[in-house]
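Per-entry structural report
For reference, the chains in residue letters:
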Amino acid sequence: MATFSGIYLDHNATTPVKPQVCEKMLETLMFTGNASAIHKAGREARRLIEDSRQTVIKALNAGPRDVVVFTSGATEANNMVLKGAEVERIITSAIEHPSVLFAATEKISVLPSGIIDVDALEKMLVGNTQQTLISVMMANNETGVIQPIEKVIALAKKYGCLVHTDAVQTFGKIPMDLQKLGADFVTITGHKMGGPQGTGCLVICNCVALPPLLQGAAQEKNLRAGTENLAGIVGFATAVKLIDFEGYQKIGVLRDKLEKALSAISPALKIFGKDAPRVPNTSMLALPGVPSETLLIALDLAGVCVSSGSACSSGTVRASRVLKAMGATEAETQSALRISLGWNTTENDVDCFISKWQEMYERVKDKCQK
Ligand code: PLP
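A brief look at the structure comes next. (Residues numbered from 1 in each chain as written. Predicted model: local features only at pLDDT ≥ 70, side-chain atom pairs only at ≥ 80, totals over all residues. Heavy atoms only, no water.)

Observations regarding the pattern of salt bridges
The tally for this structure, following the rule as stated, stands at 18 salt bridges. Across the pair Glu-220 and Arg-53 runs a salt bridge, and its minimum N-O distance is 2.9 Å. With a gap of 167 residues between them, Glu-220 in helix α8 (residues 219-222) and Arg-53 in helix α2 (residues 40-60) connect regions that are remote in the sequence. An identical accessibility class is assigned to Glu-220 and Arg-53; each is buried. (Salt bridge = Lys/Arg side-chain N within 4 Å of Asp/Glu carboxyl O. Helix = DSSP H or I, 4+ residues; strand = E, 2+ residues; numbered from the N terminus. Buried < 20%, exposed > 50% of the residue type's maximum accessible area, 1.4 Å probe, protein only.)

Laid out in structure tokens, this is it:
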């Protein structure tokens, strides 16, 4: 099978699987055993799953009353919370992933910086008498802007609400400590941090009651029926063991270099969320006047994979609702491009990208808004 030979800068959509993860998964795929069986092979499969669970618990510093439920990824984990929590109100931010947003009864507005408006959230909660779930992501998948989740959790506690956070875009990039955080539910996925697609987990904290989304047999402590994805779980845990925060700081240096160079080449360049705290790998930018499709296709032809925003299942390019929520102009949303670096991005990749950008810019600069 061919591996991708171009410049891959779309890690927020999915990351390449780390070689050690592939090796562990292959080894596990060669092994036969259903973790529900009581014979030796079953017990070995069970051991692999429980060891993996311990790895995730340790990485998150989850507490003794927290339960890690392995899922098929973040969409499932989010659905489990948003569909399962017995509440009357669901307040989410306006910039959540669709697997959260679908359930919102109300949305928290977003400031032009890309940060949610915490004061607006408090106004929504004053005098609240209804059972309420608040769901706010840790960092946005398009802009990389880190959300004030500690403040959101403090408000949730003050007004007696349940609180969920989708930590997909921060896990593995910045350290997390669930015992300090105090959320009720936390969503993680495997494929944004060097693990396999179709893996992840929901952490249910402090034994908060939540029904299973998938019903059937008693796997995952009755919280997720179905034979476990053994190789996927082991692959996910292997990626967790390989988390390298220092490496991500270096990625931040490359991201900053890239933004500086692109701004020097194209003075009209707009970088979204630039003044807010951001995860180190993400840059959402726009060349107002030049449509995203033009930029995407030109870069694709030059062997560069980037995205126009969140990966869209239909493969089409749509104006970003995240940027709209931040108050970006029509021209800005129509020309947005997301560049997301990752664990295998090299300085050479960034330098090549800059020179491809320079070539592309020469061809499109007349279209740029003055
Ligand atoms: N939440 C966020 C913030 C994401 O970026 C994504 C993936 O793009 C998801 C949820 C969905 O994750 P999964 O592909 O594991 O279902």
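Now that the structure is up, let's keep going.
Describing the side chain of Asn-79
Here Asn-79 is to be found in helix α3 (residues 74-84). By relative accessible area, Asn-79 is classed as buried at 13%. Leaving out residues up to four positions away in the same chain, Asn-79 has contacts with Gly-84, Ser-99, Phe-102 and Leu-213. (Contact = heavy atoms within 4.5 Å.)

Focus: the packing of aromatic side chains
Considering all chains together, one arrives at 2 aromatic pairs under this definition. Ring centres of Phe-70 and Phe-236 lie 6.3 Å apart, and the angle between their planes is 85 degrees; on these two criteria the pair is classed as edge-to-face. With Phe-70 in strand β2 (residues 67-71) and Phe-236 in helix α9 (residues 230-241), this residue pair connects regions lying 166 residues apart in the sequence. We classify Phe-236 as buried; its relative accessible area is 0%. For the pair Phe-353 and Trp-357, a centre-to-centre distance of 6.1 Å together with 40 degrees between the ring planes defines the contact as tilted. Of this pair, Phe-353 and Trp-357 both sit in helix α14 (residues 347-364), 4 residues apart, which is roughly one turn of that helix. (Phe/Tyr/Trp six-rings, centres within 6.5 Å; stacked < 30°, edge-to-face > 60°.)

Quick notes on the sheet that holds strand β10 (residues 282-286)
In a beta sheet, neighbouring strands are held together by backbone hydrogen bonds and run either parallel or antiparallel to one another. The antiparallel open sheet is built from 3 strands, whose spatial order is β9-β10-β12. One side of each edge strand has no neighbouring strand; the edge strands of this open sheet are β9 (270-272) and β12 (336-340). On average, each strand axis in the sheet is tilted by 30 degrees relative to the strand beside it, whichever way the strands run. Here β10 runs beside β12; their pairing, made up of 5 bridges, is antiparallel. Counted as the bridge partner of Ala-286 is Ala-336 from β12. (Pairing = 2+ DSSP bridges. Axes fitted to C-alpha atoms, helices over the stretch in contact; angles between N-to-C directions.)

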